[in-house]
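The residues making up each chain are set out below.
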Amino acid sequence: MSGYKFIDGCGSFEMKDPQHTSGLYLPVAGGKGLRSAVSPDFGGDSKLDQNHFLIAPKSVSDLHAERDTRNFWAVFEDGIWSACGASASQDADRFTDREDEVTLSGGRMWQSVTRKSKDRGIQAQVTIFALLDNSSEIMTVKFTNVSDADISFTPVAAVPIYARSADNIRDHRHVTSLLNRAILTDKGVVVKPTLSFDERGHQINDTAYFVIGADESGRNPVGFIADADSFVGEGGTYTRPRSLLDGMKSFQSGPIKVDGKEMIGALKFEEVTLSPGKSASYQIAIGTYVGEKDTEFKEYESKDFEAATEAIKSADNAAKELEKAKAYWENITNIHVKTGDENFDNFMEWIAFQPQLRRIYGCSFLPHHDYGRGGRGWRDLWQDCLALLLTDPDGVRKMILDNFRGVRLDGTNATIIGDKPGEFKADRNGIPRVWMDHGFWPFLTLKLYMDQTGDLDILMEDATYFKDNFVCRAEKRDDSYSEDYGVVQKDDTGKEYMGSVLEHLLIENLTAFYDVGEHGKIRLRGADWNDALDMATHKGESVAFTNGYAGNLQDIADYIRLYESLGGNKTCMLAKEILPLILSDGDELFDSPENKRKLLYGYMDEVKSSISGVKEEIDLEELAAALEEKSQDLMDRIRKTEWVRDSQGDGWFNGYYDDNGNAVEGEFSTPEGKNVRMMLTGQVFSVMAGTATEEDVPKIIRSADKHLYSKEIGGYRLNTDFKALRTDLGRMFGFSYGDKENGAVFSHMAVMFGNALYKRGFAKEGFKALNSLYETASDFETSRIYPGVPEYFNGEGRGLYNYLTGAASWYLMTVVTQEFGVCGAAGDLCIEPKLVASQFSADNEAAISLPFRGKTLEVTYQNPDKKDAGQYVIKSVAIDGKEIEAAGEACAIIGADIIDVLSAGTHKILVVLG
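## Notes on the overall build of the chain
Here comes step 1: Helix and strand counts for the chain stand at 23 helices and 51 strands.
Here comes step 2: Expressed as a percentage of its 914 residues, the buried residues of the chain come to 62%.
Here comes step 3: Sequence-distant contacts in the chain: of pairs separated by 6 or more residues, those separated by 24 or more amount to 70%.
Here comes step 4: As displayed, the chain has an accessible area near 33700 Å², and 46% of this comes from carbon and sulfur atoms.
Here comes step 5: The distance from the centre of the 101 positive side-chain charges to the centre of the 144 negative ones in the chain is 2 Å.

## As for the sheet that holds strand E43 (residues 799-800)
Here comes step 1: On the basis of which strands lie adjacent, the open sheet formed by 3 strands has the order E41-E42-E43 and antiparallel pairing. Two strands close off the open sheet at either side, each with one partner strand: strand E41 (745-746) and E43.
Here comes step 2: Here 2 bridges tie E41 to strand E42 (residues 792-793), and the two strands are oriented antiparallel to one another. Bridged to Val745 within E42 is Phe793.

## A few points about the nonpolar core
Here comes step 1: One finds Leu623 and Tyr811 to be the most contacted residues of the largest nonpolar core, which totals 182 residues.
Here comes step 2: No other element matches the 11 residues that helix H12 (residues 543-565) contributes to this core.
Here comes step 3: The contacts of Leu623, once residues within four sequence positions are left out, are Leu502, Leu506, Ile560, Cys572, Leu574, Ile582 and Ile618.
Here comes step 4: Leu54, Leu131, Ile138 and Val189 belong to the second largest nonpolar core, which has 90 residues in total.

## Topic: the pairing of strand E14 (residues 181-184)
Here comes step 1: Sheet analysis places E14 next to strand E20 (residues 256-259), joined by 4 bridges and oriented antiparallel. For Ile183, the partnering residue across the bridge sits in E20 and is Lys257.
Here comes step 2: Sheet topology note: the E14/strand E15 (residues 188-191) ladder contains 3 bridges and is antiparallel. What sits directly across from Ala182, in E15, is Val191.
Here comes step 3: In this antiparallel pair of consecutive strands, E14 and E15, the connection spans 3 residues.

## Regarding the side chain of Asp215
Here comes step 1: Assignment of secondary structure puts Asp215 in strand E18 (residues 207-215).
Here comes step 2: Residue contacts for Asp215: discarding those within four places in its chain leaves Phe269, Ser281, Tyr282, Gln283, Ile312, Lys313 and Ser314.

## Remarks on helix H17 (residues 680-689)
Here comes step 1: Taking burial as the measure, the 10 residues of H17 include 9 buried ones, the bulk of the element.
Here comes step 2: All buried positions along H17 are accounted for by Leu680, Thr681, Gly682, Gln683, Val684, Phe685, Ser686, Val687 and Met688.
Here comes step 3: In the segment just after H17, Gly690 is the residue with positive phi, at about 100°.

## Looking at the pattern of salt bridges
Here comes step 1: Enumeration according to the criterion identifies 56 salt bridges in this entry.
Here comes step 2: Of the charged contacts, one joins Asp402 and Lys398 as a salt bridge, the two residues approaching to 2.8 Å between their closest N and O atoms. Linking Asp402 with Lys398, this pair stays in helix H9 (residues 396-404), spanning 4 residues, or about one helical turn.
Here comes step 3: The partner of Arg408 in a salt bridge is Asp468, with the nearest N and O atoms 2.9 Å apart. Note that Arg408 is positioned in the loop between H9 and strand E25 (416-417) and Asp468 in the loop between strand E27 (462-464) and strand E28 (470-471), a separation of 60 residues in sequence. Taken individually, Arg408 and Asp468 each receive the classification buried, so the pair is uniform in this respect.
Here comes step 4: Overlapping salt bridges bring together Arg473, Glu475, Asp515, Arg523 and Arg525 as one network.

## Focus on the packing of helix H7 (residues 342-361) against helix H22 (residues 807-819)
Here comes step 1: In the contact formed by H7 and H22, the axes pass within 8 Å of each other and the chain directions differ by 125°. Comparing the axis directions of H7 and H22 gives the class oblique. Regarding H7 and H22, the two cross each other, and that crossing is left-handed. Along the contact surface, H7 presents Phe344, Phe347, Met348, Ile351, Ala352, Gln354 and Pro355, while H22 presents Ala808, Ser809, Tyr811, Leu812, Val815 and Glu819.

## Thoughts on the packing of helix H8 (residues 378-391) against H9
Here comes step 1: Direction vectors running N to C along H8 and H9 enclose 165°, while the axes themselves pass 11 Å from each other. By the angle class used here, H8 and H9 are roughly antiparallel. In this structure, H8 meets H9 at a crossing whose hand is left-handed. Here Trp378, Leu381, Trp382, Cys385, Leu388 and Leu389 of H8 come into contact with H9, specifically with Val396, Met399, Ile400, Asn403 and Phe404.
Here comes step 2: When its residues are assigned to classes, the contact of H8 with H9 shows 10 nonpolar, 1 polar and no charged.

## Quick notes on the packing of aromatic side chains
Here comes step 1: Considering all chains together, one arrives at 49 aromatic pairs under this definition.
Here comes step 2: Judged by centre distance (5.5 Å) and plane angle (70°), the rings of Tyr4 and Phe6 are edge-to-face. Assigned by exposure class, Tyr4 and Phe6 land together as buried.
Here comes step 3: One aromatic cluster is present, formed by Tyr4, Phe6, Phe13, Tyr25, Tyr328, Trp329, Trp350, Phe353, Phe780, Tyr786 and Tyr803 through successive ring pairs.
Here comes step 4: Here the basic side chain of Lys490 rests over the ring of Tyr485, its NZ or CZ set 4.1 Å away from the ring centre.
Here comes step 5: In this structure, Lys740 packs its charged tip against the face of Tyr801, placed 4.4 Å from the ring centre.

## With respect to the sheet that holds strand E44 (residues 822-825)
Here comes step 1: Strand order in this open sheet of 3 strands is E44-E45-E50, and the pairing throughout is antiparallel. Edge strands, defined here as strands with exactly one partner in the open sheet, are E44 and strand E50 (892-894). For this sheet the average axis-to-axis angle between neighbouring strands, irrespective of direction, equals 30°.

## Observations regarding the side chain of Asp528
Here comes step 1: Turning to its location among the elements, Asp528 is positioned in the loop between helix H11 (501-514) and strand E31 (541-542).
Here comes step 2: Despite its burial, Asp528 remains without a salt bridge, the nearest opposite charge being carried by Arg379 at 6.3 Å.
Here comes step 3: A polar side-chain atom of Asp528 sits 2.7 Å from a polar atom in the side chain of Tyr656.
Here comes step 4: Apart from the residues within four sequence positions on either side, Asp528 is in contact with Arg379, Trp435, Met436, Asp437, Leu533, Ser542, Phe545 and Tyr656.

## Observations concerning unusual backbone geometry
Here comes step 1: Positive phi is not limited to glycine here, since Ala163 has a value of about 65°.
Here comes step 2: Relative to the assigned elements, Ala163 resides in the loop between strand E13 (151-161) and helix H3 (173-177).
Here comes step 3: Given the relative accessible area of 3%, Ala163 is considered buried.
Here comes step 4: If you check the backbone angles, Arg473 has positive phi at about 55° while not being a glycine.
Here comes step 5: Within the secondary structure layout, Arg473 lies in the loop between E28 and strand E29 (476-477).

## Points about the pairing of strand E51 (residues 906-913)
Here comes step 1: Relative to E51, strand E47 (residues 855-862) runs parallel, the two sharing 7 bridges. Each bridged residue has a counterpart across the sheet, and for Tyr861 the counterpart in E51 is Val911.
Here comes step 2: Both strand E48 (residues 874-879) and E51 contribute to a ladder of 5 bridges, which runs antiparallel. Paired with Ala878 across the strands is Leu910, a residue of E51.

## Overview of the environment of Leu599
Here comes step 1: Position of Leu599 among the secondary structure elements: in helix H15 (residues 593-606).
Here comes step 2: Separated by 10 residues in sequence, Leu599 and Leu589 place their C-alpha atoms 8.9 Å apart.
Here comes step 3: For Leu599, the contacting residues outside a window of four places in its chain are Tyr514, Pro580, Leu581, Ser584 and Leu589.

## Some words on H8
Here comes step 1: Under the 1.5 Å per step criterion, the end-to-end length of H8 is 21 Å for 14 residues, consistent within 8% with the ideal 20 Å.
Here comes step 2: By the criterion of burial, H8 is predominantly enclosed, with 14 of the 14 residues buried.

## So, the environment of Phe820
Here comes step 1: On the secondary structure map, Phe820 appears in the loop between H22 and E44.
Here comes step 2: Taking relative accessible area as the criterion, Phe820 reaches 0% and is therefore assigned buried.

## Here's the deal with the environment of Val543
Here comes step 1: When you line up the elements, Val543 lands in helix H12.
Here comes step 2: When the C-alpha atoms of Val543 and Asn654 are compared, they prove to be 7.0 Å apart, with 111 residues separating the residues in sequence.
Here comes step 3: Ignoring anything within four residues of it in the chain, the contact list for Val543 reads Lys521, Ile638, Glu642, Asn654, Gly655, Tyr656 and Tyr657.

Reading the values: the criteria
- Residues numbered from 1 in each chain as written.
- Predicted model: local features only at pLDDT ≥ 70, side-chain atom pairs only at ≥ 80, totals over all residues.
- Heavy atoms only, no water.
- Helix = DSSP H or I, 4+ residues; strand = E, 2+ residues; numbered from the N terminus.
- Buried < 20%, exposed > 50% of the residue type's maximum accessible area, 1.4 Å probe, protein only.
- Contact = heavy atoms within 4.5 Å.
- Areas by Shrake-Rupley, 256 points an atom, 1.4 Å probe, with all protein chains shown as cover.
- Lys, Arg positive; Asp, Glu negative; His and termini not counted.
- Charge placed at Lys NZ, Arg CZ, Asp CG, Glu CD.
- Pairing = 2+ DSSP bridges.
- Core = buried A, V, L, I, M, F, W, Y, C linked by side-chain atoms within 4.5 Å.
- Salt bridge = Lys/Arg side-chain N within 4 Å of Asp/Glu carboxyl O.
- Axes fitted to C-alpha atoms, helices over the stretch in contact; angles between N-to-C directions.
- Parallel < 35°, antiparallel > 145°, perpendicular 65-115°, else oblique.
- Left-handed = near helix turned anticlockwise from the far one by under 90°.
- Nonpolar A, V, L, I, M, F, W, Y, C, P; charged D, E, K, R; others polar.
- Phe/Tyr/Trp six-rings, centres within 6.5 Å; stacked < 30°, edge-to-face > 60°.
- Lys NZ or Arg CZ within 6 Å of the ring centre and 35° of its normal.
- Polar contact = N/O pair within 3.5 Å; in protein donor to acceptor, adjacent residues only side chain to side chain.
- Expected span 1.5 Å × (residues − 1).

As structure tokens, this is what we get:
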């Protein structure tokens, strides 16, 4: 198997025999909420949300096991053939010389499969995409006679219509089918259940689901079946439906009503005879629309239904809609790279697109992501902003301010996030859980925003706080709280309390600083970034994210000083209650975990139900110095107490303490012999934050290469094999080694390791981390995935949980701001390339196109001497052919004033290295 090959510069690709690989699928979504997954044989599902599935939900294992999905048949006198390859006979022919010849091409939100039968003289090209202006998939089918004799057959579309909540797959599947009401129209089948049974209770349903069709000239089908049992037939299956083998007597013409059945949109067209070389085309719309809430189902007009009808009115109409969809999705991202590796350049088209998929699909709704109910988590809110800041910064300021409204006064945050910007909901499930890393991520995003835009004034913008019944970092409940209170924190006067963004940051990071375990590191609580470290709630500590918070405290101090130096105020107003968290210091406090916790709990008790609303003025330099002192204290303690070694003397930082209060990492004696236990996360954040000294970083790299790196499966594993079921640490140790959080190559943390190494000046090592992921993902024989970076690679190097991973945002950010070195610096443009020699083309050039301050910049690097990262300096910089005074040794700064006076449009920046 050769895998796929790219066919344009937009990431579109082509491959032979995709049916020989399990678990492949592409996302297909439109502009009005429809979200689908499509496998090579057009399996998968389609939905609006958790409670509105058009096609029944599919997990990845269902893609080969379940057959109740999209299909299109050619019914011959002597048998049936599926244009999608989903028939019993074609399944039986798989891996034999009778198997169809299959070629798939795919791209952003579309798929096209050409299938040629070896014994029927017929070829079919099936294409699927989604309309941009309503909630409909469009499926086009073109049959061609590839024989030297006439062929005759009857075309039949067949798409099961699930029409209810994913919960009903096993919760009242049959009972909820009794709610279904269908009408056979002149175009197809429309289904509208009377009620919906799901977590929201019993509600009158307002959503209709449909399958309609037309031939290339706009002629309607001539027969229909809505009852899935009638289509399958007694003893039949979806891959061998009896209704297509018994003369198609079950097909009827509308208008006819069908009640209380599992439904299908089966559409029969007129029999067609094709002479050699001739073709016949058909268009199918599979979609939903919202109508009236009525108990008696009747056909009614809908603009979405009309738009879908218009899209399939002719083959030309469908083709135009396909081109519109392709153009829209290809242009939705505006970062493009050109290196010496065209495959990498195309791979980056998918990396840039993956954050968009996260916005559309959330963390659910693709076959691997068969969990949750479609929402995004707290980390997702902030990390998805990273990519947006690089690709589409308009509106991100408001998004950031909205996100800060999810912070509680105790430094934790809302965990149930609504669909609207800034919408956070109280947790009615009563499941208190604190992820100790959540307070770390907001400043990371805000820092990039301030760098890209120069808008440091955002630090002083006000935002509300979130309030529910969980207080004291979810250890207690506020008995005075009720739902009538709402979810916005109020002060003692009953007024909604607002604090600056800086105040939100201080509360998040300082409450973490004081929330320490017996070793003085921040408590692990429910988990950190690694959700599977969830069984050390009592004595667990995350040294890894203690590094992260230490780095944050220093960076916040730096940006406070920068704000002041750029003409900001010398002081700021902060809630009086948090001042002790800022100003308290001294060895008596810092050396005593008990005293630190006492101070924290005193503050949290004070703001448990309310806050005074009184603010006090503090000098910004005094504030910055206090934060810097706390940062340095954390780093010094980690350096003194957490460095571990193996028996050969190679060292790294311990990243965790378990629920018995024991250090997790190092070399341990076990009955089976020596066991080296090392985790990547602690190394990432010690390097990124600066806890690791210049002498430490090479040692960490050496140890990571020795114990964690496996090039053949994607690079740096998340951990070594602990060879134990660690119920004192987390569920990850119950997973098989090499899967998920237990020893897989977890792309997110591997990319962050590369990012940290680039930032510390280790470009070759950073490139190794990112390039290993790219090479494994692109090696189809190993990864078995379409282009893009998955959540992780397992012990065999197979990619799993495709598309919806925060790793893509970090990969994009690292390539743009570190490898190409094009990024903001308090609003100015910083150019600091760290490209290695192999990334330049044969012409010794590498280029990137991206937006910055409302302009499109095409930055081209020329490296005539073929020097490597760390060897070249910037010799000259020219904008649109005019050389400017911006050259530096390794970094050139182009002022925001220079960028701002450039005309609208695209501008070329040429950087010569030497």
